[in-house]
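Summary of the model geometry
Single-letter residue listing:
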Amino acid sequence: MATSSSCFSLVSMFESYLKNTFTSTGLTPKSIDIDSDTTLHYWSPKQPSKLPPLVLLHGFGGHSVWQWSKQVQCLSSHFTLYVPDLIFFGKSITKSPERSEVFQAVSMGKLLELLGVARYSVLGTSYGGFVAYHMARLWPDRVEKVVIVNSAINLRRKDSEELMKKAKIEKIESLFMPDSPAELRTCLRLINHKRFPIYIPEFLLNDVLNKLCNENRKEKLELLRGTTVGKEDIVSILPLQQEILIVWGEDDPIFPLEKGYDLKELIGDKVTMKVMLKASHTPQSENPKLFNGIVMKFLFGSTKAI
């Protein structure tokens, strides 16, 4: 496992910059105990707002500021944003032994209930999409619209096995929770359409591992093992009642595009799907302008543009 060799951290400096992008839009970091076991850290506006509420749920590659900076800059003018760190990411923690994505969804629901948010839409990417799906399933009267981004809720056991074979890894944790510079290089090449430099300094890769992967590492590995997705040979998905938007990068090798098309047929009757060309697993970062436009059009309808 990587260890830190210096107090200087480029990753920490960049995270400070990302936090500034959040605060510059009027968001502020807060923490709240949602029950006796669990404390959630989240970003929301400093002042109350009458704009429609929108919840952004990040994936496994770092906590909220690492995945939504390009969205909060655009969407904060149109929505009251709630951007939580999922449990064991950032400063969100629990003493509960629960580790499933359903537990994450229930915790997010408790947060919004405590904040007095009665109706809201949810946008989730990858692992965050698993959580968004269960929020919509559990509370059809509270979740208005759902956006799912490159999130194969319909993953089967054989899909996980094919992914490991394609990535040349022996366990799925090596992809979502890399433990060495070599594993991190593999992860970075898979999640981004744009080609990474042939050589990335090892000190920088170690810095990323220390700051983003090794914090709460044991618990994050338990989260991966605790997901219900990709563990069975048969997909069992309950259709959602809400309007749903599925956004998928056409070149995603982690959750291939075909899984998006299959999900569209399974998840409900009111589903729109948009495929982003020249994008991989993180289209919200790879082409934020196009991504934000797609999301805005869906949430507001064709009568409002950015």
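Residues numbered from 1 in each chain as written. Predicted model: local features only at pLDDT ≥ 70, side-chain atom pairs only at ≥ 80, totals over all residues. Heavy atoms only, no water.

**Some points on helix α4 (residues 127–138)**
How we decide: Numbering of helices and strands starts at the N terminus; helices are DSSP runs of H or I of at least 4 residues and strands are runs of E of at least 2. For a helix, the expected span equals 1.5 Å multiplied by the number of residues minus one. Note on exposure labels: buried denotes an accessible area under 20% of the residue type's maximum, exposed denotes more than 50%, and partly exposed covers the range between, all computed with a 1.4 Å probe on protein chains only. Between two residues, a contact is recorded if the distance between any of their heavy atoms is within 4.5 Å.
In this model, α4 (twelve residues) spans 17 Å end to end at C-alpha, consistent with the 16 Å of a helix rising 1.5 Å per residue. Judged by how many residues are buried, α4 sits mostly within the fold: ten of twelve residues are covered. Considered for burial, the residues of α4 that qualify are Tyr127, Gly128, Gly129, Phe130, Val131, Ala132, Tyr133, His134, Met135 and Ala136. Along its buried surface, α4 packs onto β3 (53–57), α3 (101–114), β6 (120–125), β7 (143–149), α9 (217–226) and α10 (257–267).

**A few points about the pattern of salt bridges**
The criterion, for reference: By convention in these notes, a salt bridge is any Lys or Arg side-chain nitrogen within 4 Å of a carboxyl oxygen on Asp or Glu.
In this structure the tally under the stated criterion is eight salt bridges. For Asp159, the salt bridge identified is with Arg156, shortest N-O distance 3.3 Å.

**A short note on the packing of aromatic side chains**
Our working definition: Two rings from Phe, Tyr or Trp (for Trp, the six-membered ring) form a pair when their centres sit within 6.5 Å of each other. Planes less than 30 degrees apart are called stacked, planes more than 60 degrees apart edge-to-face, and all others tilted.
One pass over the full model with this rule turns up ten aromatic pairs. On the numbers, 5.6 Å between centres and 55 degrees between planes, the contact of Phe14 with Trp66 is tilted. Here Phe14 is found in helix α1 (residues 10–23), whereas its partner Trp66 is found in helix α2 (residues 64–75), with 52 residues between them in sequence. Relative to Phe255, the ring of Phe176 lies with its centre 6.5 Å away and its plane at 35 degrees, an arrangement referred to as tilted.

**Observations regarding the environment of Gln47**
Assignment of secondary structure puts Gln47 in the loop between β2 (38–45) and β3. Between the C-alpha atoms of Gln47 and Thr80, which are 33 residues apart in sequence, the distance is 9.9 Å.

**A closer look at the environment of Leu245**
Along the chain, Leu245 turns up in strand β8 (residues 243–249). On the accessibility criterion, Leu245 (1% relative accessible area) is buried. Remark: the alpha-carbon pair of Leu245 and Asp262, spanning 17 residues in sequence, is separated by 14 Å.

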